[in-house]
Amino acid sequence: MQFLKDEALSDQQVIAQLKVGQVPAAAGISDLIDQYGSAPDFQHFVNNLVQDAPNFQL
Amino acid sequence: MRRLFVALVATLLAGAALAQGTKTIDVWAIIQQSTDQTLPNMVNDFNAKHNDMHANLTQYQNDPYKQKLIVAMGADQGPDVFFGWGGGTLKEYVDAGKVFDLTPALNADPQWKARYPASVLAGATFDGKIYAVPINNVQPVFFYYNKQLFDQYGVSVPKTWDDLMAAVKTFRDAGVAPIALGGASKWPDLMWEEYLVDRIGGPQAFNDAASGKAGAWSSEAFIKANTLIQDLVKAGGFQNGFESTTQDSNAPAALLYTGRAAMELMGSWEYGTIANAAPDFVKNDHLGVFAFPAVQAGSGDPKDIAGNLANYYSITRSPRSPRTRTSPCSSSRTRR
């Protein structure tokens, strides 16, 4: 449990993922994309796709 | 010889640091791309913070991992923490009583729970209980395309299925594979089914199938979706030999960035694969992306997306046994 609590999308992990072009599944990251994103156009495309979708088919 | 001796001593000292009483946590995951450091970073960061616990990460290729996990969980030999995709595959393990319920712990720590959007936790929630937390990126599926090829052949980004079929004809006539597909891996094929069924029949068509409703798999949405897929194959939509191309080989991405295929339908993780393999292709703005096109007369919302919400980590409910590292020689398993 401690492993998940410490590491699963911690602030440090979120920033690390943004820096390598990913869009972490964390709450409220739009501003962080501008701040830390290595591919902000691509990352905003993905983030907007998810935010705007009425349904996410698994 | 001296170097070997020094390395041996260093190894023993490192092992000794994992002294008696140190709890080990076995973590299993897939290799998403050879240079992705997200999962190793998590383990390294955790180990740096804790002297009394030590996480060991073992990574496998995608398809073998799924089989290995099924066998291990069935024999109660699963790891402490396992990687997954949420949804139906996680639910099977939940239904079998193999997954620890994280709900009480998350509710007891609102700051921890607030890290995750409710929509993402929903992918790991069954009967109101949360069985996993996300660990990496949102993973919608969309099209990647080679901008140079689109410019060269005067093709615009397809907005509709008819646009896509017209683009397929243009590229096929020009001797370029219109769409790269890792057909041998099967799951990339299903992305087409997911999107087309949703575009044609909306979410209800799949929900009916998932709930076991009689006749759901032969509903109009499924029939029409599969007819469109057949039309696409007959039109030469995919590269020659797509049936024997695996996704794990990264061949579909290579076809795209080497200019031998114009498009690829794949999840957001493919960006990293392409950026690592062909950094100049990305740096020079030759890589484009667009959402899955609308299907005319379909009742699904063209803004709907398919894919994985994220990857997750879950805790195995009955791992092999509570493990305590008792010997510096009990080294971690080799990571693949």
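The structure this text deals with has already been given above.
Here's a quick rundown of the structure. (Residues numbered from 1 in each chain as written. Chains lettered and ligands numbered in written order. Predicted model: local features only at pLDDT ≥ 70, side-chain atom pairs only at ≥ 80, totals over all residues.)

## Concerning the overall build of chain B
Where we set the bar: In this description a helix means any DSSP run of H or I spanning at least four residues, a strand means any run of E spanning at least two, and both kinds are numbered starting from the N terminus. Partly exposed residues are those falling between the two cut-offs: more than 12 but fewer than 20 other C-beta atoms within 10 Å of their own, whereas 20 or more means buried and 12 or fewer means exposed, with C-beta atoms placed from the backbone. A pair of residues counts as a contact when their C-beta atoms, built from backbone coordinates, are within 7 Å of each other.
A count of helices and strands for chain B gives 15 helices and 13 strands. Scored against the burial criterion, the 336 residues of chain B give a buried share of 40%. When contacts within chain B are restricted to residue pairs at least 6 apart in sequence, those whose partners lie at least 24 apart make up 79%.

## Topic: the overall build of chain A
When you go through chain A residue by residue, the secondary structure sums to four helices and one strand. Overall, chain A is about 35 × 25 × 15 Å in size when its C-alpha atoms are taken along their principal axes. Counting over 58 residues, chain A shows a buried share of 47%. Summarising the internal contacts of chain A: among those between residues at least 6 apart in sequence, 6% fall at separations of at least 24.

## Regarding the environment of Phe281 of chain B
Residue and element names in this part refer to chain B. As for its placement among the helices and strands, Phe281 is situated in helix α15 (residues 279–283). Taking the number of C-beta atoms within 10 Å as the measure of exposure, Phe281 has 20 and is therefore buried. For the pair formed by Phe281 and Tyr257, sequence separation is 24 residues and the distance between their alpha carbons is 6.6 Å.

## Details of the interface of chain B and chain A
Heads up, the condition is: Side-chain classes are defined by residue name, with Ala, Val, Leu, Ile, Met, Phe, Trp, Tyr, Cys and Pro counting as nonpolar, Asp, Glu, Lys and Arg as charged, and the others, Gly among them, as polar. What makes two strands pair is DSSP finding at least two bridges between them.
Residue-level contacts link 50 residues of chain B with 33 residues of chain A. Among the elements that take part in the side of chain B that touches chain A, helix α2 (residues 38–49) of chain B stands out by supplying six residues, more than any other. Of the residues in the side of chain B that touches chain A, the class split is 30 nonpolar, 11 polar and nine charged. In this sheet, strand β11 (residues 305–308) of chain B lies alongside strand β1 (residues 56–57) of chain A in parallel orientation, the contact comprising two bridges. Bridged to Gln57 of chain A within β11 of chain B is Ala306 of chain B.

## Notes on helix α3 (residues 62–74) of chain B
Residue and element names in this part refer to chain B. So the rule is basically this: Helices are assigned an expected span. That span is 1.5 Å times one less than the residue count. As used here, the arc is the angular range of directions from the helix axis to the C-beta atoms.
For α3, built from 13 residues, the straight-helix expectation of 18 Å at 1.5 Å per residue is met to within 8% by its first-to-last C-alpha distance of 19 Å. The set of residues buried in α3 consists of Tyr65, Leu69 and Met73. Take α3 and look down its axis: the buried residues cluster within an arc of 50 degrees, on one side only. Among the exposed residues of α3, those oriented more than 90 degrees off its buried face are Pro64, Gln67, Val71 and Gly74. Against the buried residues of α3 lie β1 (22–30), β2 (53–60), β3 (81–84) and α4 (87–95). Positive backbone phi, at 55 degrees, marks Asp76, one or two positions downstream of α3.

## With respect to the packing of helix α10 (residues 187–201) of chain B against helix α12 (residues 220–234) of chain B
Residue and element names in this part refer to chain B. Basically, it comes down to this: Here, axes are lines fitted to C-alpha atoms. For helices the fit covers the stretch in contact, and angles between N-to-C directions go from 0 to 180 degrees. Any angle from 65 to 115 degrees is called roughly perpendicular, while one under 35 is roughly parallel, one over 145 is roughly antiparallel, and all others are oblique. Whether a crossing is left-handed or right-handed is set by the direction in which the near helix is turned from the far one by less than a right angle, anticlockwise for left-handed and clockwise for right-handed.
At a minimum axis distance of 8 Å, the contact between α10 and α12 shows a crossing angle of 130 degrees. Between α10 and α12, the angle falls in the class oblique. For the crossing formed where α10 meets α12, the hand is right-handed. In this structure, α10 uses Trp192, Glu193, Leu196, Val197, Ile200 and Gly201 to contact α12, whose residues at the interface are Glu220, Ala221, Phe222, Lys224, Ala225, Leu228 and Ile229. Partitioned by chemical class, the residues of the contact of α10 with α12 number nine nonpolar, one polar and three charged.

## So, the pairing of β11 of chain B
Bridge count for strand β7 (residues 139–146) of chain B against β11 of chain B is two bridges, and the pairing is antiparallel. Paired with Gln139 of chain B across the strands is Asn308 of chain B, a residue of β11 of chain B.

## A short note on the environment of Ser299 of chain B
Residue and element names in this part refer to chain B. With respect to the helices and strands, the residue Ser299 is situated in the loop between β10 (287–290) and β11. Since 13 C-beta atoms lie within 10 Å of it, Ser299 is described here as partly exposed. Ser299 sits 232 residues away from Gln67 along the chain, and the two C-alpha atoms are 37 Å apart. Residue contacts for Ser299: discarding those within four places in its chain leaves Gly201 and Gly202.

## Structural notes on the pairing of strand β12 (residues 312–315) of chain B
All names here are of chain B. Side chains Tyr312 and Ser314 of β12 all project onto a buried face; the interleaved residues Tyr313 and Ile315 project onto the opposite face, where all are buried too. Where β3 meets β12, four bridges bridge the pair, whose relative direction is antiparallel. Counted as the bridge partner of Gly84 is Tyr312 from β12. Bridge count between strand β6 (residues 133–134) and β12: two bridges; the pairing is antiparallel.

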